[in-house]
Amino acid sequence: MTVKVLLATTVRWPSAGRLAGAFAAVGCQVDALLPSEHPAARSRYFGRTYLYKPLADIASLLAAAEQSHPDVVLALDDRATALLLRTHARAPQHIAALIGRSLGKAENYAQLMSRSGFIEVARAADIRTPLTRAIANETDLENALREIGLPAVLKADGTWGGDGVAIVHTPDEAVQAWRRFSDPPSLLRSVVRAIRRSDVHFLRAALEAARPAVSLQQFIPGRLATTSFACWQGKLLAANHFEVVASQQANGPASVLRRFDDSELHEAASRLAARFELSGLHGLDYVRDEQSRAHLIEINPRSPQTSYLSFGAGHDLVSALAAHLDGAPRAPRNRVTGDVVALFPQEWMRDPASPYLTTAFHDVPWDDPALIRAWMESPAAKPALDKWRAFMASSPQGARLAASS
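Every value quoted in this text rests on a predicted model; they were computed, and no experiment measured them.

J.: It is not clear to me how the overall build of the chain should be interpreted in this structure. Could you clarify?
T.: On a plain count of helices and strands, the chain comes out with 17 helices and 15 strands. Each of the 405 residues in the chain was classed as buried or not, and the buried ones make up 54%. As displayed, the chain offers around 17,900 Å² of accessible surface, 52% of which is attributable to carbon and sulfur atoms.

J.: In this structure, what is going on with the side chain of His 362? I would like to understand it.
T.: Note that His 362 resides in strand 15 (residues 361-362). Given the relative accessible area of 19%, His 362 is considered buried. Setting aside residues up to four positions removed in sequence, His 362 forms contacts with Ala 342, Phe 344 and Leu 357.

J.: Looking at this structure, how should I read the packing of helix 7 (residues 138-148) against helix 8 (residues 171-182)?
T.: Each pair of packed helices can be summarised by the angle the axes make with each other and by the distance between the axes. Closest axis-to-axis distance for the helix 7/helix 8 pair is 11 Å, and the angle between their directions is 140 degrees. Taken together, helix 7 and helix 8 sit at an angle that is classed as oblique. When you trace helix 7 past helix 8, the crossing you get is right-handed. Contacts from Glu 138, Leu 141 and Leu 145 of helix 7 reach helix 8 at Pro 171, Ala 174, Val 175, Trp 178 and Arg 179. Here the residues of the contact of helix 7 with helix 8 are counted per class, giving six nonpolar, no polar and two charged.

J.: Would you mind going over the environment of Gln 111 with me for this structure?
T.: Tracing the sequence through the fold places Gln 111 in helix 5 (residues 109-112). For the pair Gln 111 and Val 121, spaced ten residues apart in sequence, the C-alpha separation works out to 8.4 Å. When sequence neighbours within four positions are dropped, the list of residues in contact with Gln 111 reads Gly 117, Phe 118, Val 121, Arg 275 and Phe 276.

Calculation criteria
- All residue numbers refer to position in the chain's written sequence, counted from 1.
- Totals for whole chains, interfaces and linings use all residues, but because this is a predicted model, local features are given only for residues with pLDDT of at least 70 and pairs of side-chain atoms are given and counted only at 80 or more.
- Water and hydrogen atoms play no part in the side-chain values, which are based on all heavy atoms of the structure.
- Numbering of helices and strands runs from the N terminus; a helix is a DSSP stretch of H or I covering at least four residues, while a strand is a stretch of E covering at least two.
- Burial status follows relative accessibility: with a 1.4 Å probe on protein chains alone, a residue under 20% of its type maximum counts as buried, one over 50% as exposed, and anything between as partly exposed.
- Calculation of accessible area relied on Shrake-Rupley with a 1.4 Å probe; when residues are assessed, cover is drawn exclusively from the protein chains displayed.
- Two residues qualify as a contact provided that any one of their heavy atoms is within 4.5 Å of a heavy atom in the partner residue.
- Angles run from 0 to 180 degrees between N-to-C directions of axes, and those axes are lines fitted to C-alpha atoms, restricted for helices to the stretch in contact.
- Roughly parallel refers to an angle under 35 degrees, roughly antiparallel to one over 145, roughly perpendicular to one between 65 and 115, and oblique to any angle outside these ranges.
- Crossing handedness: left-handed means the near helix sits turned counterclockwise from the far one by under a right angle, and right-handed means the same turn made clockwise.
- All amino acids are sorted into three groups, where Ala, Val, Leu, Ile, Met, Phe, Trp, Tyr, Cys and Pro are nonpolar, Asp, Glu, Lys and Arg are charged, and the leftover types, Gly among them, are polar.

Below, the structure written as structure tokens:
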């Protein structure tokens, strides 16, 4: 029987359409819960899409799950994972069972989604991590700074994409960042942010007035790296490890990655999948120091944006997960050419003249032209599109890129 996957996201990230194409390529049916005006809604690979409503989020997920009848639900962002957990606690038994099966062991996610709690578990599993301390007040902050030293990194739970992270170099900077992260945003500021970003979640956060947990982490100088892995009931199925070559912004999502093999990172993913009894797709973030030693800094408890990439047997997360869901072996999908990947549209939006668009594997979804058009027509793409047109019209590099495409 064909596996049906329901992708759930609360943000307009590119991964939804790419992951749909990957699952369709291994014979799965794919539905999605998407916010309004998500470009991926135009992908040819979705059977049905359901509207995610921020002010009725649990009802949105319940309706999608009831109508789609999926075998697994995969969260594509941290807020979607939190939504799955809240729905799991309130849903009818059959939906709660579906979500529990999709997550692994839901009871373990409270510690998993606590940045300080997760690092504590990782250290106990003999995985190299920076010192990390939970900060409940300014006295805790002062004590942690004495122990950890400066510079250090303040992090607020429940944030992603570089938001809620601050590298601090002085005690005053640390106090200011602590106050900014720990105090609920004002209603006025939230209304302004909701309008500017067309995202009502900011308004909801102000109305709920929740105080996020904050932690202080030792700063490790080095290069960022990441692991994407598939697992089921605590068993690691496949994994890919990447060095971050370029990012869209400081502390933000990667736009160019270089894959590498690393037995230590593979073992870390295996230990953590087993310790938390995880199912689905997840990611781990590292810093590799000057000796190339990897320091685990956090987990992404949802499908990373690189999950759809295939690098052959043992490195095709989608094929491995689909095969485990229905017990039917699947050959890995065609391998990405080379090990350096320029993500679309991330690297194009970062720099339309980037040399990586021609020297690396540029993963444009040529098999899904409606998805390409949707991203090109989205408001977020307009600044890059203007630069792109000028670049293509006036430079030899642009002519070469047009020829290669």
